[in-house]
Amino acid sequence: MRVTYPVRLSLLSGFELVIDGDAVHVPTSSQRVLAFLGLHIRPQPRTQVARSLWREATDQRAIANLRAALWKLHVIRERVIVARKDQLSLCGEVSVDLAEVLQRARELLDISCAGGTDQPAAPAELLDLLSRDVLPHWDEDWVVIERERVRQLRIHAIEALSVRLRRQGWHAEAVEAGLAAVAADPLRESAQRVLIEAHLAEGNAADARRQFESFRDLLWRDLAIRPTPALDALMARR
């Protein structure tokens, strides 16, 4: 049974804070504080939060900026942030969509490593969740680093989802997952491979050949390299 939390913080596809079913307006500086805490599981030292969010400022100015950002949360602050003397963290009643993505992705990878082939529940919903990027329009270093870490995990999980769907005979869904993996990183051979394998499993050798040739041309045009012998061998057998 899924637990319903009274406060929901969304960091995928953009920032949103919902309290008791209503979206709440959050000033930009306060959004940054909540997002930083949402990207970190453990409580964070105040000085670390301040220095990370206001890197160009002196420590004194950064701490002052953090204090102001917390004050701007006003009456909702106690609903979202636990503020101790030296540390900050999100309240226990706050759910973060990123945490769900990480959990679902790791579950997929754990099952894949164990050789599981059970049909995942609600594959379309799961694929949609795994296809969302972390705060895509934010360009600060602390976001960019975390976004890339999560992106790598998401793509691995989408590839694993495609493989599981293919093995269960859900070929259309496997192709869709493969397309999502390729869309996330067109130059990634493992993503291209699961898509090609899904096409082949469905009996669509022509689609598999077109995908392979498109990938081969893209690799040569962008990186001046060719697909690995393993991918060549997969196509040579067809």
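These numbers come from a predicted model, not from an experiment.

S.K.: Give me the nonpolar core: which residues, what numbers.
M.R.: As a rule of thumb, nonpolar side chains are buried together in soluble globular proteins. Phe15, Leu17, Val33, Leu34, Val80 and Ile81 are the most contacted members of the largest nonpolar core, which has 62 residues in total. Of all the elements, helix H7 (residues 141-167) adds the most residues to this core, at 9 residues. Core analysis: the next-biggest nonpolar cluster, separate from the first, contains 9 residues, Leu200, Ala208, Phe212 and Leu219 among them.

S.K.: Please set out helix H9 (residues 189-201) residue by residue, giving values where relevant.
M.R.: The terminal C-alpha atoms of H9 lie 18 Å apart, and with 13 residues this matches the ideal 18 Å at 1.5 Å per residue to within 8%. Taking burial as the measure, the 13 residues of H9 include 10 buried ones, the bulk of the element.

S.K.: A description of the packing of aromatic side chains should follow, citing residues and the corresponding values.
M.R.: The full count for this structure, using the stated rule, is 3 aromatic pairs. Measuring from ring centre to ring centre gives 6.4 Å for phenylalanine 15 and tryptophan 138, while their planes differ by 20 degrees; the resulting arrangement is stacked. Taken as a pair, phenylalanine 15 in the loop between strand S1 (7-10) and strand S2 (16-19) and tryptophan 138 in the loop between helix H6 (123-130) and H7 lie far apart in primary sequence, 123 residues in all. With respect to class, phenylalanine 15 is no different from tryptophan 138; both count as buried. Residues tryptophan 138 and tryptophan 142 carry aromatic rings whose centres are separated by 6.3 Å and whose planes lie at 85 degrees to one another, so their mutual orientation is edge-to-face. You can call tryptophan 142 buried: its relative accessible area is 12%. Residue placement shows arginine 32 over the ring face of tryptophan 54; its charged tip is 5.1 Å from the ring centre. Geometry around tryptophan 220 places arginine 226 over its ring, the cationic atom sitting 4.5 Å from the centre.

S.K.: Tell me about the pairing of strand S6 (residues 87-90), and name the residues and values.
M.R.: Both strand S4 (residues 44-45) and S6 contribute to a ladder of 2 bridges, which runs antiparallel. Pairing of glutamine 44 across the sheet is with leucine 88, part of S6. Bridging between strand S5 (residues 81-83) and S6 involves 3 bridges; their strand directions are antiparallel. Note that in S6 the partner of valine 82 across the bridge is serine 89. Linking S5 back to S6 in an antiparallel pair, the connection comprises 3 residues.

S.K.: Describe the pattern of salt bridges, listing the residues and the values that go with them.
M.R.: Pairing between side chains of opposite charge can happen when their charged atoms approach one another. Enumeration over the complete set of coordinates arrives at 18 salt bridges. Arginine 104 serves as the salt-bridge partner of glutamate 100, at 3.7 Å between the closest nitrogen and oxygen. Of this pair, glutamate 100 and arginine 104 both sit in helix H5 (residues 97-113), separated by 4 residues, roughly a single helical turn. One salt bridge in this structure joins glutamate 148 and arginine 151, with 2.9 Å as the shortest N-O distance. Of the two residues, glutamate 148 and arginine 151 are both situated in helix H7; the distance of 3 residues between them amounts to about one turn of the helix. Look at glutamate 148 and you get partly exposed, because its relative accessible area is 34%. What you see here is one network of salt bridges that share partners, running through Asp20, Arg79 and Glu93.

Parameters at a glance
- Residues numbered from 1 in each chain as written.
- Predicted model: local features only at pLDDT ≥ 70, side-chain atom pairs only at ≥ 80, totals over all residues.
- Heavy atoms only, no water.
- Core = buried A, V, L, I, M, F, W, Y, C linked by side-chain atoms within 4.5 Å.
- Buried < 20%, exposed > 50% of the residue type's maximum accessible area, 1.4 Å probe, protein only.
- Helix = DSSP H or I, 4+ residues; strand = E, 2+ residues; numbered from the N terminus.
- Expected span 1.5 Å × (residues − 1).
- Phe/Tyr/Trp six-rings, centres within 6.5 Å; stacked < 30°, edge-to-face > 60°.
- Lys NZ or Arg CZ within 6 Å of the ring centre and 35° of its normal.
- Pairing = 2+ DSSP bridges.
- Salt bridge = Lys/Arg side-chain N within 4 Å of Asp/Glu carboxyl O.

Geometry only, nothing functional implied.
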